[in-house]
Amino acid sequence: MLNCQKSHIKCRQADQEQLPSRVLDVGKDGDSIALREIGMTRGKYTALSHCWGGERPLTTTVASVKQHMDEIPYSELPATFRDAVRITRLLGIKYLWIDSLCIIQDRFSDWEHESAKMHEYYKNSFVTIAASDSNNSFAGMLHRREVACVQLPGFGNVFVRRKIPTARYVYENSVLESRAWCLQERLLSTRVLHMARSDVLFECRTGHQRESSIQIGDSVAMKEFYRFGPDRLKRELDDLEADPQSAEKAPELWYNLVQQYSRRSLTNPKDMLPAILGVAEQMKKYTGLTYMHGMWKEDMARGLLWSNDLRGHKKGSQQSGAPSWSWAAMTGYVKCWPKIHQQLLADSKLDWAISEGSDRELILHSRSVDVCLDACSPRRLRAHVQQQWDAARIYHIYYNEVDNSGGYSDLVPEARVGWMIADMEMHPANLNECKALEIVQGNVDHLNERDLGGDKDNEPNNTVSAKVWFLIVVPHPAIVGCWTRVGVGMSGDVDCFDNAYLIKSVEPDLIFEGRDRHSIRLR
């Protein structure tokens, strides 16, 4: 760690960083610890990244804050906190930041103020101590080694032991990798000490090293460590700071991050946005983009076209309290899909505004058609798709002939507009009262496939060939005149469905033909 501080340009910090609003003074061995309100003091501190788990850890509340300022007996700390204090003392550092003790948990104003600063707290800590394999604050993290070793007689300090797991395996299978809050704690930290059961791993903005002193990667090699893993995302986030084109690259990085983030667990669904706010604040600082409910105002067309990931194993539900048009409304797996060519997004010129009455209300000035939905039979999906997708969330979209008199549907009875991935289970009453709102339309045939980038999800064979993408909305259940998003749709995709469904499909250019633009209020 000292070598990192002295030699790594990307990791170099000031000798004395601004301390958090409150820290724990860990004292010396045998001492009690105490909560300190710091003000504008500068110094060096560690931070703890841990899983709260089912058992609530020791916390600071309005009732206990004065007592914690006087003293927190070391013996009363749960095991993970005791180990964090011990490691901090061994490093010769005076202060430690633990969220549950340094934020007043039952004072919302304090929690709101402090959670907005978490990106600074983790970035400025000398090192973040990650309790990688601790299910809760009582499990501890200074574990007895599970890998036995034997010294070879006559060979000095040479030992033989069973093969230890790879670093990738350790990271991907750790408890913290399944927790939503812990993603930003790892991404934002300058250095992380991963306290795993197998051994200790050290990660910084420049490279990685293990307890065994074997170098396992640097900033170049780790690019391919695993495609959208925290390692790669962390380095790409760092690269934004010095990139003059960061504002153009940031949204794609963000949505790659959202895809991984949505696969993690939250105890409280309403933390969906707060638990990633620190990364958003860092990206705002680097790019100057405007953040809103998990999306970027400058990239709204792409931001609206997220979907439920049909390959995910966690069923989605809308419990987070975010507006329905934001991916954060979902608590299940999210896919920022389809991969639309940047040129189409630039040409879309989506016309939208935020309501003056509420920033949760999005006003889309868009062409729309009334449609109805028909559930997709798994037999209508091509064989390679049946094995991967949850057909219960797929619907075919048809013109609603009752409400579209005079429109294109009169010329092509029972015309199929396209297909939809539902955000969650559809209520039967909503199937015949939907609208399709045009978001992006364009001809992809002339686009240069070489511009699609190198990621597998961007390769030509996997790039969506449709020309029109739209939202499917239904009347809001409580607010007259407002609509709620229920899914994302697109024009026919020959790679997914059998030919029988595609024969009567409307040409993409004609789906919204003759339709005027109207203002649609979404909540």
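All values derive from a computational prediction rather than experimental measurement.

K.L.:
What exactly am I supposed to notice about the overall build of the protein here?
P.N.:
For the protein, the helix and strand inventory stands at 15 helices and 25 strands. Out of the 523 residues in the protein, the part that is buried amounts to 56%. Long-range contacts, defined as pairs at least 24 residues apart, comprise 72% of the intrachain contacts of the protein with a sequence gap of at least 6.

K.L.:
Explain helix α3 (residues 79–90) to me, please; I cannot follow it from the model alone.
P.N.:
A turn of α-helix holds 3.6 residues, and therefore any two residues three or four places apart point the same way. Relative to the 16 Å expected for 12 residues at 1.5 Å per residue, α3 spans 16 Å between its end C-alpha atoms, a close match to the ideal helical length. Most of α3 sits out of view: nine of its 12 residues are buried. For α3, the elements touching its buried residues are β5 (45–49), β6 (95–97), α4 (99–102), β7 (127–130) and β10 (191–195). Where α3 ends, the next residue or the one after it, Gly92, has phi of about 75°, a positive value.

K.L.:
Would you take a moment to explain the pattern of salt bridges for this structure?
P.N.:
When the charged atoms of two side chains lie near each other, side chains of opposite charge can form a pair. In total, this model carries 22 salt bridges according to the counting rule given. For Arg22, the salt bridge is made with Asp110, and the minimal N-O distance between the two is 3.0 Å. In this pair, Arg22 sits in strand β2 (residues 22–25) while Asp110 sits in helix α5 (residues 108–115), placing the two residues 88 residues apart along the sequence. For the residue pair Arg22 and Asp110, the accessibility class agrees, reading buried in each case. For Arg485, the salt bridge is made with Asp423, and the minimal N-O distance between the two is 2.8 Å. Separated by 62 residues along the polypeptide, Arg485 in strand β24 (residues 482–490) and Asp423 in the loop between β21 (416–422) and β22 (434–441) bring together distant segments of the chain.

K.L.:
I tried to follow the packing of aromatic side chains on my own but got confused; where do I start?
P.N.:
The description of an aromatic ring pair uses the distance of the two centres, along with the angle that the planes make with each other. All chains considered together, the criterion is met by nine aromatic pairs. For the ring pair Trp111 and Trp181, a centre distance of 6.2 Å and an interplane angle of 85° mean the geometry is edge-to-face. Here Trp111 is found in helix α5, whereas its partner Trp181 is found in helix α8 (residues 180–188), with 70 residues between them in sequence. Residue class for Trp111 comes out buried when judged on its relative accessible area of 19%. By the ring-pair criterion, three or more aromatic residues cluster together here, those being Trp97, Tyr121 and Tyr122. Its guanidinium or amino end placed over the ring of Tyr171, Arg186 lies 4.3 Å from that ring's centre, counting from NZ or CZ.

K.L.:
In this structure, what is going on with the nonpolar core? I would like to understand it.
P.N.:
Nonpolar side chains in soluble globular proteins generally cluster together in the buried interior. Counting 104 residues, the largest nonpolar core has Trp254, Leu304, Trp327 and Leu522 as its most contacted members. Apart from the residues lying within four places of it in its own chain, the contact partners of Trp327 are Trp254, Val258, Tyr261, Met272, Leu273, Ile276, Gly294, Met295, Trp306 and Val334. Listed in part, the 21 residues of the second largest apolar core include Val369, Cys434, Ala436 and Ile472.

K.L.:
How should I be thinking about empty space enclosed by the protein in this particular structure?
P.N.:
To find leftover empty space, a probe the size of one water molecule is rolled over the atoms. Throughout the structure, instances matching the rule amount to four cavities of 30 Å³ or more. Space inside the largest cavity adds up to approximately 110 Å³. Around the largest cavity, the lining comprises 14 residues; the ones closest to its centre are Ala130, Leu176, Glu177, Arg186 and His194. Broken down by secondary-structure element, the contributors of at least two residues to the lining of the largest cavity are β7, α7 (167–172), α8 and β10. A total of three residues in the lining of the largest cavity trace back to one element, the largest contributor, which is α8. Broken down by class, the residue content of the lining of the largest cavity amounts to six nonpolar, five polar and three charged.

K.L.:
Can you help me understand helix α11 (residues 277–287) in this one?
P.N.:
With eight of 11 residues buried, α11 lies mostly within the body of the structure. For α11, the set of buried residues is Leu277, Gly278, Val279, Ala280, Gln282, Met283, Tyr286 and Thr287. Two residues or fewer past α11, Gly288 is found with a positive phi of approximately 80°.

K.L.:
Please clarify how the pairing of β2 should be interpreted in this entry.
P.N.:
Residues in a regular strand project their side chains so that they alternate between the two faces of the sheet. Burial of the side chains of β2 extends over both faces: Arg22 and Leu24 are buried on one face and Val23 and Asp25 on the other. Summarising the sheet, β2 and β6 pair through two bridges and their orientation is antiparallel. Looking at the pairing, Asp25 lines up with Tyr95 of β6.

K.L.:
Explanation requested: the side chain of Arg485 in the structure shown.
P.N.:
In this structure Arg485 comes out as buried when scored by relative accessible area, which is 1%. Polar side-chain contacts of Arg485 include one of 2.7 Å to the backbone oxygen of Trp306.

K.L.:
Help me understand the pairing of strand β11 (residues 200–204) in this model?
P.N.:
The buried count for β11 comes to five of five residues, which makes it a mostly enclosed element. Across the two faces of β11 the burial is the same, with Val200, Phe202 and Cys204 and Leu201 and Glu203 all buried. Pairing of β10 with β11 involves five bridges; the strand directions are antiparallel. Directly across from Met195, in β11, lies its bridge partner Val200. Direction of pairing for β11 relative to strand β12 (residues 207–210): antiparallel, over a ladder of three bridges. Paired with Glu203 across the strands is His208, a residue of β12. With antiparallel pairing between neighbouring strands as the criterion, β11 and β12 make up a hairpin whose turn holds two residues.

Definitions and cut-offs
Residues numbered from 1 in each chain as written. Predicted model: local features only at pLDDT ≥ 70, side-chain atom pairs only at ≥ 80, totals over all residues. Heavy atoms only, no water. Helix = DSSP H or I, 4+ residues; strand = E, 2+ residues; numbered from the N terminus. Buried < 20%, exposed > 50% of the residue type's maximum accessible area, 1.4 Å probe, protein only. Contact = heavy atoms within 4.5 Å. Expected span 1.5 Å × (residues − 1). Salt bridge = Lys/Arg side-chain N within 4 Å of Asp/Glu carboxyl O. Phe/Tyr/Trp six-rings, centres within 6.5 Å; stacked < 30°, edge-to-face > 60°. Lys NZ or Arg CZ within 6 Å of the ring centre and 35° of its normal. Core = buried A, V, L, I, M, F, W, Y, C linked by side-chain atoms within 4.5 Å. 1 Å grid on protein atoms, 1.4 Å probe; cavity = no way out; pocket = protein on both sides within 12 Å on 5 of 7 lines; lining within 4 Å. Points joined across faces, edges and corners; volume = space filled by probe spheres on them. Nonpolar A, V, L, I, M, F, W, Y, C, P; charged D, E, K, R; others polar. Pairing = 2+ DSSP bridges. Polar contact = N/O pair within 3.5 Å; in protein donor to acceptor, adjacent residues only side chain to side chain.

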